[in-house]
Amino acid sequence: MSTTFWIILAGAVATYLTRIGGHLVISRFETIHPRVEAGLNAVPAAVLTALVAPELLHAGPAEWAALIVTVLVSLRGGLMAMFLAGAAVLIVARQFMG
Amino acid sequence: MAAEAISEGRTGSDFWDGVRLSMPVVVASAPFAILFGTIAVDNGVSVLEAFLMSAMIYGGASQMVGIELFGQHVAPWLIVLSIFAVNFRHVLYSAGIGRRIAHWPLLQQALGYFILTDPQFAIAEARAESGRPVGFVWYLGLGLPVYVFWVIESGLGAVFGKMIPDTHALGIDFLLPIYFLGLVLGFRKRPLWAPVVAASAVASIIAYRTVGSPWHVSIGALAGVLLAVILPPHHSGVGKRP
């Protein structure tokens, strides 16, 4: 087996540890403190925001237009409508703004 | 007994409910799978190895980082550490989702954690929040198409990658941020949503500029989570739940 294969295998094990690790730690406690529960409830918004926010540093007019439309559509539409509207605006805007 | 019969009858529709929700994820991640395969082969990784990476690691950003490092001939342990660093945010996901799927049989849980990606976690959390159960069949309906398409498209990218047209004009580098923003907005009715988003946004941007990628994701996420922990419980609405 090549070195590359062993790196991939180790990377897969490391990744699986991150995907199960939080649960293994939390499940050792019988009850979850309300503050911990509040923290866990904040996880989706916190992580997804941390993934998106730095992208704003590189965003040009086409990207901003797409994000603004995404926010506006989110006030009424579902996730699919939001995504398609944002993507459509991005693709059209990039034809004109580069 | 009656309840059991009902839940069995609904199994099929639960699966297809999940599949329906997986479609935007399949669309948004397709360009990245193809791009990954293309870059992998460009960096001297074989088609089989690119395929294995997608099948075994199954985390887009970490695979891209791994491939970049393969091309630069850095020490193996450093590549593994980088993959771990990029994927570290999943620790928070598994802590959060564990509350929803703890009633599944152990093998189902083990598989559930294997396919716990960003959208998988966010969509499952949204379902739990709306009061519906996060069942294994529904979860699999959501995750399986994403996994299968991801692995197949990585292979296709590795084999046919040179045929990709102008990716910038098609906007594919910015599809995931749009989709993730949509997911963030979907949680806006949760208590503390605005302060958490603000804290994570500011912290991740500062960390991106100072510590650098990929740690900015985990640092930004922890800032938002810690804020929710520190604020008094009557703000977070946890105690009020029936």
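Just so it is clear, the model here is predicted, and its values are computed rather than measured.

What chain B contains, in helices and strands, is 13 helices and 0 strands. When the elements of chain B are put in sequence order from the N terminus, they spell out α-α-α-α-α-α-α-α-α-α-α-α-α. Relative to its length of 242 residues, chain B is compact, with a C-alpha radius of gyration of 19 Å against a globular reference of 18 Å. If one aligns the C-alpha atoms of chain B with their principal axes, the spans along those axes are about 55 × 45 × 35 Å. Going through the 242 residues of chain B one by one, you find that 51% of them count as buried. When contacts within chain B are restricted to residue pairs at least 6 apart in sequence, those whose partners lie at least 24 apart make up 73%.

Turning our eyes to something else, we now look at the interface of chain A and chain B. Listed by partner, the interface residues are 62 residues for chain A and 83 residues for chain B. Put simply, chain A and chain B have 0 salt bridges between them. The tally of links from chain A across to chain B stands at 19 residue pairs in polar contact (both at pLDDT 80 or more). Mapped by element, the contributors of at least two residues to the side of chain A that touches chain B are helix 1 (3–26), helix 2 (34–41), helix 3 (43–52), helix 4 (61–74) and helix 5 (79–97) of chain A. It is helix 1 of chain A that provides the largest number of residues to the side of chain A that touches chain B, a total of 19 residues. By residue class, the composition of the side of chain A that touches chain B is 38 nonpolar, 18 polar and 6 charged.

Taken as a whole, the largest pocket spans an internal volume of roughly 1100 Å³. Lining the largest pocket are 39 residues; nearest its centre among them are Phe32(B), Gly60(B), Ala61(B), Leu176(B) and Phe180(B). Among the elements of the structure, helix 3 of chain A together with helix 2 (11–42), helix 4 (60–72), helix 5 (76–87), helix 8 (118–129), helix 9 (136–160), helix 10 (175–186) and helix 12 (215–230) of chain B are those that each provide at least two residues to the lining of the largest pocket. Its residues placed into classes, the lining of the largest pocket shows 23 nonpolar, 10 polar and 6 charged. The residues that make up the lining of the largest pocket include at least three from each of domain 1 (2–184) and domain 2 (190–242) of chain B. Here the second largest pocket defines a volume of roughly 660 Å³.

Quick look at the packing of aromatic side chains now. Taken as a whole and assessed by the stated rule, the structure comprises 12 aromatic pairs over all chains. Between Tyr93(B) and Phe121(B), the aromatic rings sit 4.4 Å apart at their centres with planes inclined by 20°, giving stacked as the arrangement. In this pair, Tyr93(B) is assigned in helix 6 (residues 90–101) and Phe121(B) in helix 8, connecting sequence segments 28 residues apart. Given the relative accessible area of 0%, Tyr93(B) is considered buried. Given the relative accessible area of 0%, Phe121(B) is considered buried. Cluster of aromatic residues (ring-pair linked, three or more members): Tyr16(A), Tyr58(B), Phe114(B) and Tyr147(B).

Two elements in contact, helix 3 of chain A and helix 12 of chain B, have axes whose closest approach is 8 Å; the angle formed by their N-to-C orientations is 145°. Every pair of crossing elements has a handedness; the one defined by helix 3 of chain A and helix 12 of chain B is right-handed. Together, Val43(A), Ala46(A), Val47(A), Ala50(A) and Leu51(A) of helix 3 of chain A and His216(B), Val217(B), Gly220(B), Ala221(B), Gly224(B) and Val225(B) of helix 12 of chain B make up the contact between the two elements. Here the residues of the contact of helix 3 of chain A with helix 12 of chain B are counted per class, giving 8 nonpolar, 3 polar and no charged.

Next up on the list: the pattern of salt bridges. Taken as a whole and judged by the stated rule, the model has 5 salt bridges over all chains. One network of salt bridges, with partners in common, ties together Arg100(B), Glu125(B), Glu129(B) and Arg190(B).

Residues and elements named next belong to chain B. Each domain of chain B was delimited in the assignment, giving domain 1 (2–184) and domain 2 (190–242). On the side of domain 2, 9 residues touch domain 1, which itself brings 9 residues to the contact. It is Ala85, Leu92 and Val184 that lose the most area in domain 1 upon contact with domain 2, and together they represent 45% of the buried surface on that side. Connecting domain 1 to domain 2 are 2 salt bridges. A salt bridge links Arg190 to Glu129, with the shortest nitrogen-to-oxygen separation between them at 2.5 Å. Summed over the shared surface of domain 1 and domain 2, the result is 3 residue pairs in polar contact (both at pLDDT 80 or more). For the side of domain 1 that touches domain 2, the secondary-structure elements that each account for two or more residues are helix 5, helix 6 and helix 8. When its residues are assigned to classes, the side of domain 1 that touches domain 2 shows 5 nonpolar, no polar and 4 charged.

Considering the arrangement of structural elements, one finds Arg94(A) in helix 5. A polar side-chain atom of Arg94(A) sits 2.6 Å from a polar atom in the side chain of Glu63(A). Setting aside its immediate chain neighbours within four residues, Arg94(A) contacts Ala62(A), Glu63(A), His168(B), Ala169(B), Gly171(B), Asp173(B) and Phe174(B).

Parameters at a glance
Residues numbered from 1 in each chain as written. Chains lettered and ligands numbered in written order. Predicted model: local features only at pLDDT ≥ 70, side-chain atom pairs only at ≥ 80, totals over all residues. Heavy atoms only, no water. Helix = DSSP H or I, 4+ residues; strand = E, 2+ residues; numbered from the N terminus. Rg over C-alpha atoms; globule rule 2.2 N^0.38 Å. Buried < 20%, exposed > 50% of the residue type's maximum accessible area, 1.4 Å probe, protein only. Contact = heavy atoms within 4.5 Å. Salt bridge = Lys/Arg side-chain N within 4 Å of Asp/Glu carboxyl O. Polar contact = N/O pair within 3.5 Å; in protein donor to acceptor, adjacent residues only side chain to side chain. Nonpolar A, V, L, I, M, F, W, Y, C, P; charged D, E, K, R; others polar. 1 Å grid on protein atoms, 1.4 Å probe; cavity = no way out; pocket = protein on both sides within 12 Å on 5 of 7 lines; lining within 4 Å. Points joined across faces, edges and corners; volume = space filled by probe spheres on them. Domains from an automatic or database assignment. Phe/Tyr/Trp six-rings, centres within 6.5 Å; stacked < 30°, edge-to-face > 60°. Axes fitted to C-alpha atoms, helices over the stretch in contact; angles between N-to-C directions. Left-handed = near helix turned anticlockwise from the far one by under 90°. Buried area = accessible area lost by both parts, 1.4 Å probe.

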